[in-house]
Amino acid sequence: WALVDLKMEDTVEVYMDESAEIPCLYTFTMKPSTVMVQWFVREREGNRVRISYSDLTMQKVDENTIYSDRITVQSNSDGETLTIQDVKLSDEREFFCQVTGFAAGNGEARTLLKVFDPPEPPVIEGVLSGVSVSSDAPAKIASCETRDGFPKPNITWYRDHIPIHPANGLVNVVTLVTRESSGLYTVQSDLHYKVTKEDKDAHFSCEVSYFVPAAVRTSESKGINITVHYPTTSVEIWKESPEGLVKEGDTVEIRCQGDGNPPAPIIFNREQSDVELDSYHGLLVLKEVSRADSGVYECHSLELDAVNHDEVVDTLQLTVHYLDPAVVMPKDSEVMLKGESLIATCNALSSLETSTVWFKDGIEVGRGHTMQLLDATFDTAGQYDCEVTVPSLPGLLTSGSVHIIVQGPPQMKDAEREIELTEKVGGWLNLSCEVRGHPRPSITWSITGSQSWREVAKRETEEQIHSVVTLKVTTDTVAICNSTNDFGIETKTYNIRSIPFSQTPTARKTSVDNSGVIIVVIIVSILLLAILGSVFYFLYKKGKLPCGRSGKQEITKEKTNKDDIVVEMKAKKTEESVLLKGVNGEKKPLNDQNNTLSS
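Please read these numbers as outputs of a predicted model, since none were measured by experiment. (Residues numbered from 1 in each chain as written. Predicted model: local features only at pLDDT ≥ 70, side-chain atom pairs only at ≥ 80, totals over all residues. Heavy atoms only, no water.)

A. Highlighting the side chain of Glu-80. As for its placement among the helices and strands, Glu-80 is situated in strand 8 (residues 79–84). Among buried Asp, Glu, Lys and Arg side chains, Glu-80 stands out as unpaired, with Arg-50 the closest opposite charge at 11 Å. Only 3.1 Å separates the side chain of Glu-80 from the side chain of Trp-39, close enough to count as a polar contact. One polar contact links Glu-80 to Ser-75, side chain to side chain, over a distance of 3.1 Å. Here Glu-80 is in contact with Ile-22, Pro-23, Cys-24, Tyr-26, Val-37, Trp-39, Ser-54, Val-73, Gln-74 and Ser-75, once residues within four sequence places are set aside. (Helix = DSSP H or I, 4+ residues; strand = E, 2+ residues; numbered from the N terminus. Buried < 20%, exposed > 50% of the residue type's maximum accessible area, 1.4 Å probe, protein only. Lys, Arg positive; Asp, Glu negative; His and termini not counted. Salt bridge = Lys/Arg side-chain N within 4 Å of Asp/Glu carboxyl O. Polar contact = N/O pair within 3.5 Å; in protein donor to acceptor, adjacent residues only side chain to side chain. Contact = heavy atoms within 4.5 Å.)

B. Representation of the nonpolar core in the model. In this structure, Trp-39, Leu-82, Ile-84, Phe-95 and Val-99 are the most contacted members of the largest nonpolar core, which totals 31 residues. Where this core is concerned, the elements lending two or more residues are strand 2 (11–15), strand 3 (20–26), strand 4 (36–42), strand 7 (71–76), strand 8, strand 9 (94–100) and strand 10 (106–116). Of the residues forming this core, the biggest block, four residues, is contributed by strand 3. (Core = buried A, V, L, I, M, F, W, Y, C linked by side-chain atoms within 4.5 Å.)

C. Quick look at the environment of Asp-278. Looking at the element boundaries, Asp-278 is found in the loop between strand 26 (276–277) and strand 27 (283–286). Taking the C-alpha atoms as reference, Asp-278 lies 7.5 Å from Phe-268; in sequence the two are ten residues apart.

D. Structural view of the state of the cysteines. Taken as a whole and judged by the stated rule, the model has five disulfides. Two residues share a disulfide in this structure: Cys-144 and Cys-206, whose sulfurs sit 2.0 Å from each other. Residues Cys-144 and Cys-206 are joined by a disulfide whose S-S torsion is about 65 degrees; by sign, that bridge is right-handed. Here Cys-206 lies in strand 18 (residues 203–212) and Cys-144 lies in strand 13 (residues 139–149), a separation of 62 residues in the sequence. (Disulfide = S-S within 2.5 Å.)

E. Summary view of the pairing of strand 25 (residues 266–270). In terms of strand pairing, strand 25 meets strand 28 (residues 295–302) through five bridges, oriented antiparallel. What sits directly across from Ile-266, in strand 28, is Ser-301. With antiparallel pairing between neighbouring strands as the criterion, strand 25 and strand 26 make up a hairpin whose turn holds five residues, including Gln-272 at a positive phi of roughly 60 degrees. (Pairing = 2+ DSSP bridges.)

F. Up close: the pattern of salt bridges. Inspection of every chain in the model, using the stated rule, returns 24 salt bridges. Where Arg-147 meets Glu-145, a salt bridge forms, and the shortest distance between an N and an O atom there is 4.0 Å. We classify Arg-147 as partly exposed; its relative accessible area is 33%. Relative accessible area serves as the criterion here: at 28%, Glu-145 is assigned to the partly exposed category. Residues Lys-413 and Glu-434 are paired through a salt bridge, measuring 3.4 Å at the closest nitrogen-oxygen approach. With a gap of 21 residues between them, Lys-413 in the loop between strand 38 (397–412) and strand 39 (418–424) and Glu-434 in strand 40 (residues 428–438) connect regions that are remote in the sequence. Because the salt bridges share partners, they merge into one network encompassing Arg-42, Glu-94 and Arg-110.

G. Highlighting the sheet that holds strand 24 (residues 252–258). Here we have three strands laid out as an open sheet, ordered 22-24-27, and antiparallel in their pairing. Strands with a single pairing partner mark the edges of an open sheet, and in this sheet they are strand 22 (235–241) and strand 27. Looking at each pair of strands side by side, their axes are set apart by 20 degrees on average, direction ignored. Pairing of strand 24 with strand 27, which is carried by four bridges, proceeds in the antiparallel orientation. From the neighbouring strand, Glu-253 faces strand 27, where its bridge partner is Val-285. (Axes fitted to C-alpha atoms, helices over the stretch in contact; angles between N-to-C directions.)

H. Expanded view of the sheet that holds strand 36 (residues 370–373). Read across the open sheet, the three strands follow the order 31-33-36; overall the sheet is antiparallel. Among the strands making up the open sheet, the edge pair consists of strand 31 (327–329) and strand 36. Pairs of neighbouring strands in the sheet enclose a mean axial angle of 10 degrees, with direction left out of account. Where strand 31 meets strand 33 (residues 342–347), three bridges bridge the pair, whose relative direction is antiparallel. Bridging across to strand 33, Met-329 finds its partner in Thr-345.

Here it is as structure tokens:
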């Protein structure tokens, strides 16, 4: 065996069901006359069986072997390569390459074929019943299994991604390995663990590590949470609803929860009372609470399986806020005399600070618990509503009211008590009289000068009355509206001056303005007439003024200026029209006019 440099790999690694190639490379120190190459495989019993033969003239696969139909041999200048198709687990064995060069020498080498099949991903399951912290020894909390792997896979346990190693009295791992009929391995691992209360939030997982060609790979399971049973060491009580402050009429929900698992029964009671309140699964419901429900509430947890049967308790202070009905002073209604003053108050007892607003006819008229009404008038009368609220607790509201009655004598709506009117003869006038007072006044009309009149409208309210009459003007008329109640009397007078149909009726104010103009015209006319009379008298005394028509004509011819003509025209028209009216716009008798002219 003086073969020069025969090379084969120690191992060839391949996945199951794939093809494996095993090379056999050789060189001779001198050129051989012929070369013969044979491939052998070691059987399970240790015997070697040839599976292939080749020389310079031929190459064949031996028949009647387990590889007769699954191998091929490829030759080249450097050597040969054995290819195995559809590799099985049973192919994991030694393969030998024997080279014979006769005089040139002989040689043999071997390669171990290793077959790999990755396992299925691991499946983890926790103990459904839960694990108690009171167990004396580690208890099974989870199992992990991986199937159909080759070579045998390994399982490692983790707590929150930190490896768990066996520890005496704390951690124990039990592993079961099964070789299936297919030759693949199934591995099951059980984790026995002494749990503590802190493990209730921990996540446990397992990891499978397995070999592949030229590497080691891992596959991790999902994380699971273990149900840990531990006793209750504390409870917490809180108001679940409503949020914020509690007022009378609310429904209050109080919840209590312990830190044990499984939760221990919860009971409620009032402080210094042994009466158990009705609750359900740690929830106490108080419907339509009142101030009487204020106080300290306790919740208790009794750990039934605890060694010492220790009782755990927590307390809650419940305050139910209230707002009593508003009290208004004076009550209901109050009678005031016109001009008087009054202070009204509105208060409501409350557990919190209140705010009061006063309204009249829906309009805010004041703020604060008191309201001052000064120098009362009829406008002061009416209903005043006070609204009391709690700014810090919306929803608490109460209200009250007081009705103010202001008594006094009648009061006309119009400030003018005597009205002057003019109307043409035969015309109709509507006269209005609106009065307020308390008690409500009554209205009567006194009309002199006109017989044709009637009341056409009358409207009454609690403290007001409005009357409208219509009358026909036939002559100068005086209409008086008389309003009376228990506190006095008030009148309103209409002076109506009738004018002929041809004249345009005017109101009192227009008549007064025209009278001023007429007075000026009268005064100027009188002065002109006086001057003219003096001139005539002077001429007459001098004998220059004849007494016949011819004399008058001469004078007229001598004084034919524009002013004299105007004076003569005014003398005729003023007597007929302008001077017929008096200072007050009333038509005077003719005798009175003559007297005026004479003066």
